[in-house]
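# Structure assessment
Listed here are the chains, written in short residue letters.
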Amino acid sequence: MRHTSGSCLLHSSPGCSRSPESLLGAFLEPVKARVAARTRLREERALRSAQLVEAATAARDSVLWLFRTVRTVAPSLPPSPELVADAEQRYWTARSDLKKALLLLRLVGPDELVAGALAVAEADRALRTLWFDRAPAARLAHSAEMSAVLRQGRHAFDEFTDLARQLTTPS
């Protein structure tokens, strides 16, 4: 069997013009492509996780500001309706960002990260109901229910961030 230049896979034949480096490069190309794809996916997960964390933090801070500022137990200085409306608008903007980040996380997965993000969103919903679904007289900042919801939200948030760190850092 005669080897022609360009089709030789063995370097011992006299007509071979390929270097060992070029053959090694050709074999490693699919491996490099897989590593690059995994890196892009990890970066995408990190970006989406960061967006979710940022949105969840902003949403939580907005509702907590409302509870700290608008107390039903003798406030020192009642906030203006404009301040309350502004804080509520910040919440709804952050809530929209949270929902968008959750949907984008569903695209890049994995399922366990999506489940953690859903737990964060559910904790946000529980906190939201303490303010938006109640009459002003029923909004109590120092209730046992409020403490339980905040504790549950912190736990879901911490679990999500730990998992996101694990799934987005190179191993």
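Here the structure is a predicted model, which is why all the values come from computation and not from measurement.

Moving on to the packing of helix 3 (residues 111-132) against helix 4 (residues 144-168). Relative orientation of the contacting elements helix 3 and helix 4 amounts to 160°, with a least axis distance of 9 Å. If you check the angle between helix 3 and helix 4, you find them roughly antiparallel. The interaxial crossing formed by helix 3 with helix 4 has left-handed handedness. Residue-level inspection shows E112, L113, G116, A117, A119, V120, A123, A126, L127 and L130 of helix 3 in contact with helix 4, the latter providing E145, M146, V149, L150, G153, A156, F157, F160, L163, A164 and L167.

The subject of this paragraph is the nonpolar core. Ranked by internal contacts, the top residues of the largest apolar core, which has 19 residues, are L52, L98, L105, L113, A117, V120 and F160. Of all the elements in the fold, those that place two or more residues in this core are helix 1 (20-69), helix 2 (81-108), helix 3 and helix 4. Examining the composition of this core, we find that six residues originate from one element, helix 4, more than from any other. Residues contacting V120, with those up to four places away along its chain left out, are L52, A56, A156, F157 and F160. Counting residues in each nonpolar core, the second largest holds 14 residues, with V63, A87, Y91 and L130 among its members.

The subject of this paragraph is the packing of aromatic side chains. Inspection of every chain in the model, using the stated rule, returns three aromatic pairs. Both rings, one in Y91 and one in F132, keep their centres 5.1 Å apart while their planes meet at 35°; by these two values the pair is tilted. Here F132 lies in helix 3 and Y91 lies in helix 2, a separation of 41 residues in the sequence. Judged by centre distance (5.0 Å) and plane angle (55°), the rings of W92 and F132 are tilted. Taken as a pair, W92 in helix 2 and F132 in helix 3 lie far apart in primary sequence, 40 residues in all. A residue is classified by how much of its surface remains accessible, and F132, at 22% relative accessible area, is partly exposed. Members of the aromatic cluster, joined through ring pairs, are Y91, W92 and F132. Positioned above the aromatic ring of W65 is the side chain of R90, whose terminal nitrogen or guanidinium carbon lies 5.8 Å from the ring centre.

A few words now on the pattern of salt bridges. Inspection of the entire model under this criterion finds eight salt bridges. One salt bridge connects R90 with D86, and the closest N-O pair in it is separated by 2.7 Å. On the criterion of helical spacing, the pair formed by R90 and D86 is a turn pair, its members being four residues apart in helix 2. Here R90 falls in the partly exposed class, since its relative accessible area comes to 38%. Here D86 falls in the partly exposed class, since its relative accessible area comes to 40%. Across the pair R154 and D158 runs a salt bridge, and its minimum N-O distance is 3.3 Å.

This paragraph deals with the confidence of the model for the chain. This prediction gives the chain a mean pLDDT of 81; 81% of its residues lie at or above 70. Here helix 1 stands out as the least confident element of the chain, with mean pLDDT 83; helix 3 is the most confident, with 92.

For the rest of this paragraph, the subject is helix 3. Between its first and last C-alpha, helix 3 extends 30 Å over 22 residues, near the 32 Å set by a 1.5 Å rise per residue. Of all the residues in helix 3, the buried ones are L113, V114, G116, A117, V120, A121, A123, D124, L127, R128, L130 and W131.

For D124, the location among the structural elements is in helix 3. Note on D124: relative accessible area 6%, which makes it buried. In the structure, D124 is positioned 25 residues away from V149 in sequence and 8.9 Å away in space, judged by C-alpha atoms. When near neighbours in sequence (up to four residues on either side) are disregarded, D124 contacts A59, Y91, R95 and L98. Here the side chain of D124 touches R95 through a polar contact of 2.9 Å, side chain to side chain.

About the criteria used
- Residues numbered from 1 in each chain as written.
- Predicted model: local features only at pLDDT ≥ 70, side-chain atom pairs only at ≥ 80, totals over all residues.
- Heavy atoms only, no water.
- Axes fitted to C-alpha atoms, helices over the stretch in contact; angles between N-to-C directions.
- Helix = DSSP H or I, 4+ residues; strand = E, 2+ residues; numbered from the N terminus.
- Parallel < 35°, antiparallel > 145°, perpendicular 65-115°, else oblique.
- Left-handed = near helix turned anticlockwise from the far one by under 90°.
- Contact = heavy atoms within 4.5 Å.
- Core = buried A, V, L, I, M, F, W, Y, C linked by side-chain atoms within 4.5 Å.
- Buried < 20%, exposed > 50% of the residue type's maximum accessible area, 1.4 Å probe, protein only.
- Phe/Tyr/Trp six-rings, centres within 6.5 Å; stacked < 30°, edge-to-face > 60°.
- Lys NZ or Arg CZ within 6 Å of the ring centre and 35° of its normal.
- Salt bridge = Lys/Arg side-chain N within 4 Å of Asp/Glu carboxyl O.
- pLDDT = per-residue confidence, 0-100.
- Expected span 1.5 Å × (residues − 1).
- Polar contact = N/O pair within 3.5 Å; in protein donor to acceptor, adjacent residues only side chain to side chain.

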